[in-house]
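As a plain string of letters, each chain reads:
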Amino acid sequence: MTPLLAAAAEQVKMLETKDISDLADLAPLLALLVAAIGGLGLAMALPRERQRLVAAWVATLHVVAAGAAAGVWAIGGFRSVMGGTYAVDGLSLALTAALGISGAVCVALLRPAVAGTDREGELYAMLAATTLAAAVVAGASDLALLALSISLLSIGSFVMTGYLRRSRRGNEAAIKYYVYGTVTAAVMVYGLTWWYGLAGSTRLAAVGAALPGAPTAVVIASSALVVVGLGYKAAVVPFHFWTPDVYAGAPAPVAAYLSVPPKLAGVAALARFLLRGLPGDLVGWSTAIAVLAAVTMVFGVLAMIAQRDAIRLLAYSSISQTGFMLLAVAALPHSPAALRGLIYFFFAYAASNLAAFAVVIAVRREAGSADLGAFAGLGRRHPWWTAALVLSLLSLFGLPPLTGFVAKLAVFTAAIDAGQAWLAVVGIAATVISLYPYLRLIAPAVLNRTEPRLPRGTRSAGRPLATALVVSTLATVGFGLAAQPLLAVGRHAAILHEAPAALPREGS
Amino acid sequence: MPWLSLSIAIPLAAAALAPALPRRWPRAPQALALGASALPLIFLAVTWARLDTGQGLQLVEQAHWIPSIDVAWRVAVDGMSLVLSVLTVVLFLACIAYGVGPRPLSRTAAALLLLLEGSTLAFFLAEDFFLFYVAFDVTLVAMYFLIALWGGRRRRYAALKFFLYTLVGSLPVLLGLIALFVVSEPHTFDMIELIRHPAFRDAGVGASFVFFAFFVGFAIKAPIFPFHTWLPAAHVEAPTAGSVLLAGVLLKMGTYGFVRVNFQMLGPAFTAYALPLALLGLVSAFYGAFVALAQTDLKRLVAYTSINHMGYVLVGVAAAAAATHATARRVALDGAIMQMVAHGLVIAVLFLVAGFIQERLGTREVPLLGGLMRPMPIYGTLTALAFFAALGLPGLAQFPAELQIFLGTLDVYPAIAAVTVFGIVVTAALFLRVLQQAFLGPTPRRLAGLRDLGRRELVASIPLAALVVAVGVYPPLVLTAITSASRFMGAML
């Protein structure tokens, strides 16, 4: 048995004996677990025309999970649970709340697209399982748990991507995602085995205690391997290449989902494992991440310019947004404002990006294509969709008073506080350039009065899609105008830091 | 009472209310708009009475908004923002009385005018950069719709050009305010704080970068040559009321920004670049005058004279920045601010005059006009008054303003002041030529039956003309308030 497997087995044994009171702190995860398992049961039990109940079940429990995360924050405070393998702290709770709401919105986006197909209910259950995995990744403070949850996250994402079995592009996307995903996950696990070898424990706290004493070259090499796997999930350049193809090949609502929970979980894990695994900017990882952030921001924005398909455009937009999140990650060891910026950015990005996706999905349903040409005359046909599109894209760009502005301002401030002013300058430059591609999508919708010929019997948005559109757009505006509560959450957040002295001694 | 906040809130609330008015009352939108504009005028009058001319920014009204990034609802006045706010309300009252689009004023038109009015007042009264910028962008949206819905033949193209040009132009301003936020310690969007404790006390690389970011953004808005290319298209296609507001109020946002941000917050950088910027203002003034001279379309001609007059404002502010002597500085700055107000009144009358003839004949081509004085004596007199005011005749509003600019500049840059005076000769030539061609001489038969100004047109234009005369005859009417603006200039004094 490999050491890692042995460690995992040990963890499982520890979980069995652990105090049951930890479960209260894991209420958000339990809600998602119930969503997934209950959803699967309902999907099997209910006839095909009643599968919307599964959607309702999964969406409701997602919202419950978000509420539970808020409740745990308010009542329990932050602590390490399950034998120190999972951190219930500001980062994981805030992210779980964001994931819960985003997941519910994505279910609403999915429902009109997959209603009446076979295995509809199973798709919702799979979505719940994937959100659960993302929430576990967000709080994992144990190498084995991270490897496990990343695998679960990947499997769920692959299955959802390939949901349309008859679509060749969908299959290609799923295979591409699967092959690259497993390879990078394997690379990450390989890096984690090095960490385990250096620390003699799978606990992140032990790794953080051991790595400062380890040979620099080994630390750099192993950490780089870990960054590859997490960077793949978050779509960091140069591990981003799957993003546009997968988003374009998957069902559009699945693309919307892939652009939020897996990405945010990847960024959060990157933040936690670098900050706690390599304490105090060990081997200068902050600068390395800063370089990745700069490359990701600029590359994403430049690649956006050439796109003619709205989904691919949003795919590259999401890549560049990852860069802005990394800007805050890079500032983590140097600035107390960084975590606040990162957490606020999660919410801002989730709201704006889902709103933009919702409009694109609605347009694609109606016009049969997400080509920029399909948006011509949208302002005349659907003024409200157009308003949502304009607001969400300008928020992604960062125009006051929308939430994207506050988010970018918060991460720029963090970067400057951290002494990485050059990175903020690159970010501002990327932001300025990004106005052009965003306007390319807005312009035909607002200006063109020519009505494209629509196929007969076009479908309307449908109530779930409309609800998702309204919720995400209101959040895009509301998080900006009333940014204070979320910023306060970000300010009180913390990434749990366990003193190495508290570690149990483990036999090797 | 929070007079300033109410002045902003009432038009905005009325704008939200206007679309809900019942269709049965066709005159209700106009009545609502007039009422919602009259109240801010009263509130601003109260504020004027409370203004302490010995102080700078004052009467601050403040409420928490996003404390984490120090965004707050902060409004305050000094002489400059007060007179520009009053100008805003006066011009909106005139435009609501004159109307835009179908008559009587539609609910949409009333809502858009009120939205534009509220956001413009918010811009001039805001002392928080977040609010300042949001107000700036909302004015663009409202103006876009005014042009796109009720403009001329190529209105959509013109509206788009206006919107994109000024939106892109607002980006440098956004960059600049982000830079000021991150450089200030502690980080703040509070403009009063940024004036009292400037983030930059030198003219180094950082200060220069921020300075030019703001400058370019405001120069596009003003507009200053070579950032003016959006202006003629927007004006030619805009409805009359749209042009009046665009030239009378919205252009002032640019020059207001020169003073409030570039001069007050980045004074040392302005001093360092004062000479090239004064020269740019001079070039702009001459460019505007000469291009206007070549126009035959009355509205285009008037539009280009704006570039000329805004050029003088830049010369005045630059001279104030370079002045070493406190009196010279105050004279130049007072002149520049006075010029904003005077130009706002005069250009409003000029665009109304162009609109009146357009409405009657469907053309504004000067060569097609002639001898208008005979069939339309009131119209002719009004036009002559506006023309003489625009070319700077003593006794009318722009004379004291331009005189102060010249006097202030003479002290710092005698050569520039001397050359600037010749700009007036060009504007005098172009206005007198139009007057001679279109109004004097024999009346062609097809123009003989034109009716003179009606009641609606008189209600819109006569009060403005009266103000042009009043300010010209008795400049202290606005000058005493304005002077308070230059008392407190942050890092400059």
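Structure first, text after, so check above.
Residues numbered from 1 in each chain as written. Chains lettered and ligands numbered in written order. Predicted model: local features only at pLDDT ≥ 70, side-chain atom pairs only at ≥ 80, totals over all residues. Heavy atoms only, no water.

Draft legend 1. Here's a closer look at the overall build of chain A. On a plain count of helices and strands, chain A comes out with 22 helices and two strands. In summary, chain A has a C-alpha radius of gyration of 22 Å against a globular reference of 23 Å for 508 residues, a match within 12%. Referenced to the eigenvectors of the C-alpha coordinate spread, the extents of chain A come out at roughly 70 × 55 × 40 Å. Residues classed as buried in chain A amount to 60% of the 508 residues present. At a minimum sequence separation of 6, the contacts of chain A that also span at least 24 residues come to 80%. Surface exposure of chain A reaches about 17900 Å², of which carbon and sulfur atoms provide 67%. Charge centroids of chain A, computed over 34 positive and 21 negative side chains, lie 11 Å from each other. (Helix = DSSP H or I, 4+ residues; strand = E, 2+ residues; numbered from the N terminus. Rg over C-alpha atoms; globule rule 2.2 N^0.38 Å. Buried < 20%, exposed > 50% of the residue type's maximum accessible area, 1.4 Å probe, protein only. Contact = heavy atoms within 4.5 Å. Areas by Shrake-Rupley, 256 points an atom, 1.4 Å probe, with all protein chains shown as cover. Lys, Arg positive; Asp, Glu negative; His and termini not counted. Charge placed at Lys NZ, Arg CZ, Asp CG, Glu CD.)

Draft legend 2. How the structure looks around the overall build of chain B. When helices and strands are tallied, chain B shows 19 helices and two strands. Relative to the 2.2 N^0.38 estimate, which gives 23 Å for 493 residues, the radius of gyration of chain B is 21 Å and therefore close to what a compact globule would have. Its C-alpha atoms give chain B principal-axis dimensions of about 70 × 60 × 40 Å. A burial count over chain B gives 65% of its 493 residues as buried. By sequence separation, contacts in chain B at least 24 residues apart represent 82% of the contacts at least 6 residues apart. Accessible area for chain B stands at about 16100 Å²; split by element, carbon and sulfur atoms hold 68% of it. On chain B, the mean spot of the 31 positive side-chain charges and the mean spot of the 21 negative ones are 15 Å from each other.

Draft legend 3. Layout of the layout of surface pockets. In this model, the largest pocket occupies a volume close to 2000 Å³. Lining the largest pocket are 50 residues, and of these A387, V390 and L391 of chain A together with V141 and F145 of chain B lie nearest its centre. At the level of elements, α17 (378-381), α18 (383-397), α20 (421-447) and α21 (463-481) of chain A together with α1 (3-17), α4 (107-125), α5 (129-150) and α6 (155-183) of chain B are the ones that each hand at least two residues to the lining of the largest pocket. A per-class count over the lining of the largest pocket returns 39 nonpolar, five polar and six charged. (1 Å grid on protein atoms, 1.4 Å probe; cavity = no way out; pocket = protein on both sides within 12 Å on 5 of 7 lines; lining within 4 Å. Points joined across faces, edges and corners; volume = space filled by probe spheres on them. Nonpolar A, V, L, I, M, F, W, Y, C, P; charged D, E, K, R; others polar.)

Draft legend 4. Quick peek at the nonpolar core. In this structure, L146 and L342 of chain A together with F129, F132 and F214 of chain B are the most contacted members of the largest nonpolar core, which totals 384 residues. A per-element tally of this core places helix α16 (residues 337-367) of chain A first, with 21 residues. (Core = buried A, V, L, I, M, F, W, Y, C linked by side-chain atoms within 4.5 Å.)

Draft legend 5. Unusual backbone geometry, seen in detail. All names here are of chain B. P104 follows R103 through a cis peptide bond whose omega is -10°. Between F225 and the following residue, P226, the backbone shows a cis peptide bond with an omega angle of 5°. Of note in the backbone geometry, L59 takes a positive phi value of approximately 55° without being a glycine. Tracing the sequence through the fold places L59 in strand β1 (residues 58-66). Residue classification places L59 among the partly exposed residues on the basis of a relative accessible area of 23%.

Draft legend 6. Focus on the pattern of salt bridges. The final tally for this structure, using the stated rule, is 17 salt bridges over all chains. Between R272 of chain A and D89 of chain A there is a salt bridge, with its nearest N and O atoms 2.8 Å apart. Residue R272 of chain A is found in helix α13 (residues 261-277), and its partner D89 of chain A is found in the loop between β2 (86-88) and α5 (90-114); the two are separated by 183 residues along the sequence. Each member of the pair R272 of chain A and D89 of chain A is classed as buried. Two residues, E359 of chain B and R103 of chain B, come together in a salt bridge whose shortest N-O distance is 3.4 Å. In this pair, E359 of chain B is assigned in helix α14 (residues 326-361) and R103 of chain B in the loop between α3 (79-98) and α4, connecting sequence segments 256 residues apart. A network of salt bridges, in which partner residues are shared, links D70, R74, D128 and D190 of chain B. (Salt bridge = Lys/Arg side-chain N within 4 Å of Asp/Glu carboxyl O.)

Draft legend 7. Local environment of the interface of chain A and chain B. Each partner contributes residues to the interface: chain A has 26 residues there, and chain B has 22 residues. For the pair chain A and chain B, the summed buried surface comes to about 2200 Å²; carbon and sulfur atoms form 77% of the total. Per-residue buried area on chain A facing chain B is highest for L409, L447 and Q484 of chain A; these three make up 23% of the total on that side. In this structure, the connection of chain A to chain B is made through zero salt bridges. At the boundary of chain A and chain B, one finds four residue pairs in polar contact (both at pLDDT 80 or more). (Buried area = accessible area lost by both parts, 1.4 Å probe. Polar contact = N/O pair within 3.5 Å; in protein donor to acceptor, adjacent residues only side chain to side chain.)

Draft legend 8. Main features of α20 of chain A. With 27 residues, α20 of chain A extends 38 Å from end C-alpha to end C-alpha; this agrees with the ideal 39 Å at 1.5 Å per step. Where α20 of chain A bends most, at L439 of chain A, the angle is about 35°. (Expected span 1.5 Å × (residues − 1). Bend = angle between axes of the 7 residues up to and from the residue.)

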